[in-house]
Amino acid sequence: MLDIMADPTAEEQVSKTSEVCPECGQFHLLSENHLYNFQDEVDDELICHICLQPLLHPMDTPCGHTYCFRCLENFMQEHNFCPMDRKKLCFQHCRKSSLLVRNLLDKLIVLCPFHTLCQETMQRCQLEAHLQNRCLGFKKYRSELERRKNPHSKGKEEPVISVDTSAAKEPELSNGGSSLVAESSMAAVVSLGTAEPGLVNPAFEEGEEDLPQRASLVAETSTIEIQREDPEEELGMRIVGGKDTPLGNIVVQEILRDSVVATDGRIAPGDHILEVNGVNISNVTHCQAVSLLRHPGSVLHLVILQEKGFSPRTVQQDSSPAVNREVIHVTLMKRDRSEPLGIKLIRKTDEPGIFILDLLDGGLAAKNGKLSRNDRVLSINGQDLRQGTPETAAQIIQASETRVNFVVLRQSGTQLVDTVDDGSTPSSSSSSNGESPVHHRRRPEQTYYRRKPNYQKELPQGYASQEKTVSIKKEPKESLGITIGGGRDNKNKLPVYVTSVQPIGCLFRDGRIKRGDVLLSINGIDLTHMNYYEAVSALKSNAASHVLVLKALEILVPEPTDPSSEIREQGFSWSPLWTMWLGLPSNLHCCQDIILRKSNSESWGFSIVGGFEESKGSQPFFIKTIVPGTPAFRDRRLKCGDEIVAVNGVPAIGMSNSELIPMLKEQRNKVILTVVSWPGSLV
C-alpha cells in the first residue's frame, strides 16, 4: 500500500487537536480522517482515491466511485465534480456504502501506534477499545499528559512520550515598542516623491519644503488578550520575519478562516507583534517567535503595532459631538455556502470602509438581530475591511462555508449619511448573497511560471541544499510509507515535499528520506511540475516496482544556537517553517506577475527591506509593510514576506535599496511586480 495523504495545512482548517486522537492514537486535524498503520497490503478496491488510504466511513457516488466521507466532503467544498471521472457531482446525492463493504473495512488488521511499548495487532474497529482499556503505551501517554497539565501532582511513572513545552527564556523588556518602531523606520518605503500624500521614504533625502505637504503614516500599539477554551489550540495565523531574516521584526502574514484569531477579529495581516505574554520579541529569531507563540495557555497577551494608514499633517478641529463607540462580534451561521445573509453594504462619502445600509426582512442577519443599520464593518472572517469595499466583503462572504464572523463598530446617536454615487447604485453597494456586484470587474485568473534564469539568485548566507538519489529494493507488498504536501496546485505553488515518514514502509527502513525533503523525481519521472494529485498518482503507480529510484532535495537551514528556538510540534500537524522555503533553490520557485495601478495622488503603499549591502552582501528584497487604503492593500495579492524578484521585468537581484527605490518611484500609474510567495509559519 502506498501511504500518501494530503498535507494537513491550516489554510484549509485550523481546528486541530493538540493531543493524540483517543480513537486512532495519532495526531491529526480534528476535521480529518483517523490515521492507521495497517499490517498488510490493502486491496486497491478498498482504497479512497482522494487520500489513498483505506476507506473510512465510505460514501458511494452516483457514478460508481467510493471515497471517505470527510475526503469527499472537503473535496466538494472546492469542486463540483467526481475526482475520478470529473462528472458533475452533488454531495447530497452520495450515499453510504453497503454494510458488507463497511464491515470488510472495519476488519482490516492494524498495528498499535504505540509500537515501542505495545506490539499488538487488532481489527481497525477494535483499536479504540484497545487504546482505552489495554494499551500500556497509551496509558503512559495519558499519565504524562496529566502530569503536564497538573505539574504539582506526584507521579512516579516515567514518561514515555515527551511533549516539549519549553519556551524561550524571557529576555529583558527594554522599551519593546520604541525599539520596534525604530527598527521599522529602517524599511525603505515606496512613495511618489511628489507633494501629494505618499509614503515617506527614509532612503531618500527629502527637501524640508516637502514635509508640511506630505501625509504622515499613522501607527499605534495595542494590547490584545486572546482567550482559548483549549489552552493548546492553535491561534490560526501565519507569521514571517525575525532578526535572522531581512524583515527583522515578526509580522503577521495571514489570518486563517474560522480560527481563534479570526473570531477575535482584532489582529490583521501586516500587524507587527512586539510582545508575547510580556516577552519582547522585536529582536528574536524566527524560530524563537514561533516557539513563544505556540506555547500553550488559556490566555494570551499580545502587544501589536498596527498601521492605520495615512492622515494629513494638518487636521481640522472636529466640532462634532462625542459619540459612544462599541466593537461588536457577531457570528452568522449559513445552512450552506449559497444562503444569502440579507445585508446591504455601502460606502460613504466622508469615511473610509464599508457600512451596513439595510437588513432585509426575513434574512439571516435580520433574524439574528445583532447587526444594525450604520454599523461599520471592521472585518469579516478575520480579513481586515477597515479600508475595504463592498465588493471585497461580498467575495469573502461568498467564500465562507457556514460560519461568517463579523466584527463591527457601532456608534450611538449618529445618522446615516449619503452614500457614494458613482452613477449607479450597484457599483457602490453589495448584497451579501455572495454574488459579485454589478459592474464589478473580475480579476483574470493568476498565472504562475518557473523563475527565469536571469531572475535566479544564490541561496542566502547559512543556507544550503543537498540533492540525494535513493535507490531501494522493495518487497512486493511493502508501501513507501510517506505522507506528502504541496504541489503546484497549492495556493503558494509549492513543490511536493514529505510531511512525514511513517514507521512502516521501505523509506523508513532505508532512513535517507526525511520529513521536509522536496521530492524531485521517482524512477525518472519529474515531480517538480506536478500538482498534488498528479504527484500522488505518479508515486502510487511507481510504488509497485521492485526497485525504486527516488531523487530528493534536502534543504539545510542555519542551525539555531539558542535552545529556546526548539519548536513545539506535537499537537500541530507538521508543515515547513517559512524560513525553510528561503533555502529552496531558485530553479524550483514559481513566480507571479502582479500589476498594480494607482492615481497620481497615491503611493504604491508598501515598504521593502533587503538588497545589496557591503556588510551582508546581496540579500533578497522582501515586502515588509502594506499600508491600509493604498493600491497594494486594495489589490490583496501582495503579502508581507513576499520576495520581489523583478520590477517591470528588470531583475532585482544584486540591486541595492537605493537602486530599486527610484525605479519604483518612477512608475507613475502602473507597475508590474514579479514576486515569489512562501506560506508563513503556522502558530
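Not measured: the values here are computed from a predicted model.

### Things to note about the environment of Ile484
Point 1. With respect to the helices, strands and loops of the structure, Ile484 is situated in strand 23 (residues 482-487).
Point 2. Judged by its relative accessible area of 0%, Ile484 falls in the buried class.
Point 3. Taking the C-alpha atoms as reference points, Ile484 and Val496, separated by 12 residues in sequence, lie 6.7 Å from one another.

### So, the nonpolar core
Point 1. Formed by 62 residues in total, the largest nonpolar core has its most connected members in Ile484 and Leu519.
Point 2. Top element by residues in this core is helix 11 (residues 532-542). It accounts for 5 residues.
Point 3. Counting residues in hydrophobic clusters, the runner-up holds 27 residues, among them Val260, Ile281, Val284 and Ala289.

### Brief notes about the side chain of Ser400
Point 1. Mapping Ser400 onto the fold places it in the loop between helix 9 (390-399) and strand 19 (403-411).
Point 2. At a separation of 2.9 Å, a polar atom in the side chain of Ser400 contacts the main-chain carbonyl oxygen of Ile396.
Point 3. Discounting residues that sit within four places of it in the chain, Ser400 has contacts with Arg257, Lys334, Arg337 and Asn381.

### What about the confidence of the model for the protein?
Low-confidence regions, as indicated by low pLDDT, have predicted coordinates that should not be scrutinised in detail.
Point 1. In this model, the protein carries a mean pLDDT of 77, and residues with pLDDT of at least 70 account for 77%.
Point 2. Taken as a whole, residues 153-214 scores under 50 in pLDDT and shows 132 contacts with residues more than four places along the chain or in a different chain.
Point 3. Here residues 313-322 scores under 50 on pLDDT; set against residues more than four positions off or in separate chains, the count is 6 contacts.

### A closer look at the pairing of strand 23
Point 1. With respect to burial, strand 23 is a largely interior element, 6 of its 6 residues being buried.
Point 2. The sheet contact formed by strand 23 and strand 24 (residues 494-501) spans 5 bridges and is antiparallel. Bridge assignment links Gly487 to a residue of strand 24, and that residue is Leu494.
Point 3. The turn joining strand 23 and strand 24, which pair antiparallel and follow one another in sequence, is formed by 6 residues; a positive phi near 55° is taken by Lys493.

### Remarks on unusual backbone geometry
Point 1. The phi dihedral of His57 is positive, around 50°, even though this residue is not glycine.
Point 2. Inspection of the secondary structure assignment puts His57 in the loop between strand 1 (37-38) and strand 2 (58-60).
Point 3. According to the relative accessible area criterion, His57 is exposed, its value standing at 56%.
Point 4. The residue Asn277 is not glycine, and still its phi comes out positive at about 50°.
Point 5. The topology assignment puts Asn277 in the loop between strand 11 (272-276) and strand 12 (279-280).

### Section: the sheet that holds strand 1
Point 1. The strand order across the open sheet formed by 3 strands is 1-5-6, and the pairing between neighbours is antiparallel. Looking along the sheet, the strands with just one partner apiece sit at the ends: strand 1 and strand 6 (121-123).
Point 2. Pairing of strand 5 (residues 109-111) with strand 6 involves 3 bridges; the strand directions are antiparallel. The partner of Leu111 across the bridge, within strand 6, is Thr121.

Criteria and cut-off values
Residues numbered from 1 in each chain as written. Predicted model: local features only at pLDDT ≥ 70, side-chain atom pairs only at ≥ 80, totals over all residues. Heavy atoms only, no water. Helix = DSSP H or I, 4+ residues; strand = E, 2+ residues; numbered from the N terminus. Buried < 20%, exposed > 50% of the residue type's maximum accessible area, 1.4 Å probe, protein only. Core = buried A, V, L, I, M, F, W, Y, C linked by side-chain atoms within 4.5 Å. Polar contact = N/O pair within 3.5 Å; in protein donor to acceptor, adjacent residues only side chain to side chain. Contact = heavy atoms within 4.5 Å. pLDDT = per-residue confidence, 0-100. Pairing = 2+ DSSP bridges.

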